[in-house]
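Structural overview
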Amino acid sequence: MADGVVVAGTDAASREERGLTYPFGPPPGPGEAVEIAPDIRWMRLAMPIVLNHINVYALRDGDGWALVDTGLNLAASRDEWDRLLAGPLEGRPVTRVICTHMHPDHIGLAGWLCRRFEAPLVMTRLEYVTARMLIADTGQPASEEGAVYYRAAGWDEAQVAGYRTGFGGFGKAVSSLPAGYVRMREGDRLTIDGRQWRVVVGEGHSPEHACLWREDDDVVLGGDQILPKISSNVSVWPTEPEADPLGDWLASLERIRNVLPEDALVLPSHGEPFHGVQPRIDALIRGHRTALRRLERALAEPRRAVDVFAALFARPVDDGVRGMATGESLAHLNYLLHRGRASRRRDPDGVDWWTAISEEAGA
């Protein structure tokens, strides 16, 4: 066994929490990989944000490895990859880089790894194209449409100025992507080391998020679509202010729940691998439906998007997460709007005021 490879824990390490079973022991430490299924190694990269880690995976692929997700474009992450590649990944080459979706913690070092090993990038089309679009914003001035969007949500002028200052930050966390890629689509099957992985696509958290399901032993690379302890951010952004990502998210979860087998081993991007995909999806759906009911009650009087944070989030919203909280609030508000359960009125100052039309129990 290579240096830094930890064999997955036995059944003695298994534990249950909230209907999920976590079959393994501690997550991998720096420079380590845990072999959690045949030909699959689990590694973890640190991130200097509230969500302080991302899980990345290496799949045996002939004489090399197919990597799934990459971490942020940080010097510390590149150094950690050097340690992993030389240690638990045995100095073998990377054959391809597979990214579940386009968020910077997933694609941040994809271009760097692809160039280093002359390996192809594998993504769904909407994820690749959206990433290229956002990277192109780097160094550009913030759009006036974005300022209008945040004013409408209830941001004050100092907060709008902060949006302008931080605009284009996506590209700073992502190394330049290859000019071409290999496309994944719903229902495609990737052959990796002679074994088939079925592509299962979700929406809402990102435009065309790819999960990968190895059907012969029911291992699922879940990305951010199915996380064990937190719900993925589902947001409306200035690029598509009338979108209904929460509707897309809930519909995707319903469909995926009916596709994946009950005994699947889910390998998530954050948290620990687990069994219990159906109970977890049920809990994710239930959580959003409960939040929608709280939101409708809060909209008994007209409110702005920034006024409903308390109805949706368990902790106070500070400046560091204000953008994501605003996007998630608008996702829930747009969900009600699209279903005739809330109305929206823009006042002369350009601020939107939302009011519930009904307080249905269902969502």
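I will try to describe carefully the structure that is included in this document. (Residues numbered from 1 in each chain as written. Predicted model: local features only at pLDDT ≥ 70, side-chain atom pairs only at ≥ 80, totals over all residues. Heavy atoms only, no water.)

A short note on the overall build of the protein chain
Check the secondary structure of the protein chain and you find ten helices and 18 strands. In summary, the protein chain has a C-alpha radius of gyration of 21 Å against a globular reference of 21 Å for 363 residues, a match within 12%. In terms of overall dimensions, the protein chain has C-alpha extents of about 65 × 45 × 35 Å along its principal axes. Counting over 363 residues, the protein chain shows a buried share of 53%. Considering only contacts within the protein chain whose residues lie at least 6 apart along the sequence, 66% involve residues at least 24 apart. In the form shown here, the protein chain has an accessible surface area of approximately 15500 Å², with 52% of it arising from carbon and sulfur atoms. In the protein chain, 40 side chains carry a positive charge and 52 a negative one; their mean positions are 2 Å apart. (Helix = DSSP H or I, 4+ residues; strand = E, 2+ residues; numbered from the N terminus. Rg over C-alpha atoms; globule rule 2.2 N^0.38 Å. Buried < 20%, exposed > 50% of the residue type's maximum accessible area, 1.4 Å probe, protein only. Contact = heavy atoms within 4.5 Å. Areas by Shrake-Rupley, 256 points an atom, 1.4 Å probe, with all protein chains shown as cover. Lys, Arg positive; Asp, Glu negative; His and termini not counted. Charge placed at Lys NZ, Arg CZ, Asp CG, Glu CD.)

Considering empty space enclosed by the protein
Taken as a whole and assessed by the stated rule, the structure comprises one cavity of 30 Å³ or more. Within this model, the largest cavity holds a volume of roughly 40 Å³. Forming the walls of the largest cavity are Asp 39, Leu 59, Arg 60, Ile 192, Asp 193, Arg 195, Trp 197 and Arg 214. Secondary-structure elements contributing two or more residues to the lining of the largest cavity are β6 (53-61) and β12 (195-202). Along the lines of polarity and charge, the residues of the lining of the largest cavity split into three nonpolar, no polar and five charged. (1 Å grid on protein atoms, 1.4 Å probe; cavity = no way out; pocket = protein on both sides within 12 Å on 5 of 7 lines; lining within 4 Å. Points joined across faces, edges and corners; volume = space filled by probe spheres on them. Nonpolar A, V, L, I, M, F, W, Y, C, P; charged D, E, K, R; others polar.)

Thoughts on the sheet that holds strand β4 (residues 33-37)
The eight strands are arranged β1-β4-β5-β6-β7-β8-β9-β10 in an open sheet whose pairing can be described as mixed. The open sheet terminates on both sides in strands that have one partner only, identified here as β1 (5-7) and β10 (182-184). Averaged over all pairs of adjacent strands, the angle between their axes in this sheet comes to 30°, without regard to strand direction. Note: strand β9 (residues 121-124) against β10, three bridges, orientation parallel. By the bridge assignment, Thr 124 is partnered in β10 with Met 184. In this fold helix α3 (residues 110-117) packs onto β7 (64-68), β8 (94-98) and β9, with an angle of close to 160° to the strand it touches most, β8. With respect to the sheet, helix α4 (residues 125-136) is in contact with β9 and β10, its orientation differing from that of β9 by roughly 105°. (Pairing = 2+ DSSP bridges. Axes fitted to C-alpha atoms, helices over the stretch in contact; angles between N-to-C directions.)

Some remarks on unusual backbone geometry
Both trends apply: most residues other than glycine have a negative phi, and most peptide bonds are in trans. Positive phi, normally seen in glycine, also occurs at Asp 39, with a value near 65°. The topology assignment puts Asp 39 in the loop between β4 and β5 (40-46). By relative accessible area, which is 31% here, Asp 39 ends up partly exposed.

Re the side chain of Asp 352
The residue Asp 352 is located in strand β18 (residues 352-356) in this model. Engagement of the side chain of Asp 352 in a polar contact is seen with the side chain of Arg 346, the distance being 2.7 Å. Apart from residues lying up to four places away in sequence, Asp 352 is in contact with Ala 152, Arg 303, Arg 304, Arg 344, Arg 345 and Arg 346. (Polar contact = N/O pair within 3.5 Å; in protein donor to acceptor, adjacent residues only side chain to side chain.)

Considering the nonpolar core
Counting 47 residues, the largest nonpolar core has Ile 226, Leu 246, Leu 260, Leu 299 and Leu 330 as the members making the most contacts within it. Those elements that provide at least two residues to this core are β3 (20-22), α5 (144-153), α6 (157-166), β13 (209-214), α7 (245-259), α8 (277-298), α9 (309-312) and α10 (322-338). Take this core: its biggest share by element is seven residues, from α8. Setting aside chain neighbours within four positions, we find Leu 299 in contact with Val 308, Leu 333, Leu 336, Ala 342, Trp 354, Thr 355 and Ala 356. Listed in part, the 31 residues of the second largest apolar core include Met 43, Cys 99, Ile 107 and Phe 170. (Core = buried A, V, L, I, M, F, W, Y, C linked by side-chain atoms within 4.5 Å.)

Structural notes on the packing of α7 against α8
Helix packing geometry: the angle between the two helix axes and the distance between the axes. Orientation of α7 relative to α8, taken along the N-to-C sense of each, is 155°, at an axis distance of 10 Å. The angle between α7 and α8 falls in the class roughly antiparallel. Both α7 and α8 take part in a crossing whose hand is left-handed. Judged by residue contacts, Leu 246, Trp 249, Leu 250, Leu 253, Glu 254, Ile 256 and Arg 257 of α7 engage Gln 278, Ile 281, Asp 282, Leu 284, Ile 285, His 288, Arg 289 and Leu 292 from α8. (Parallel < 35°, antiparallel > 145°, perpendicular 65-115°, else oblique. Left-handed = near helix turned anticlockwise from the far one by under 90°.)

So, the pairing of strand β11 (residues 189-192)
Taking every second residue as pointing to the same face, the buried face of β11 carries Leu 190 and Ile 192, while none of Arg 189 and Thr 191 on the other face is buried. Bridging between β11 and β12 involves four bridges; their strand directions are antiparallel. What sits directly across from Ile 192, in β12, is Arg 195. Turn length for the β11-β12 hairpin, with the two strands adjacent in sequence and antiparallel, is two residues, and the turn residue Asp 193 shows positive phi of about 55°.

Looking at the layout of surface pockets
One number sums up the size of the second largest pocket: a volume of about 230 Å³. Around the second largest pocket, the lining comprises 14 residues; the ones closest to its centre are Tyr 149, Pro 241, Glu 242, Arg 346 and Asp 352. Of all the secondary structure elements, the ones that give two or more residues to the lining of the second largest pocket are α5, α10, β17 (342-346) and β18. Tallying contributions element by element places α5 first for the lining of the second largest pocket, with five residues. When the residues that make up the lining of the second largest pocket are grouped by side-chain class, the tally is eight nonpolar, one polar and five charged.

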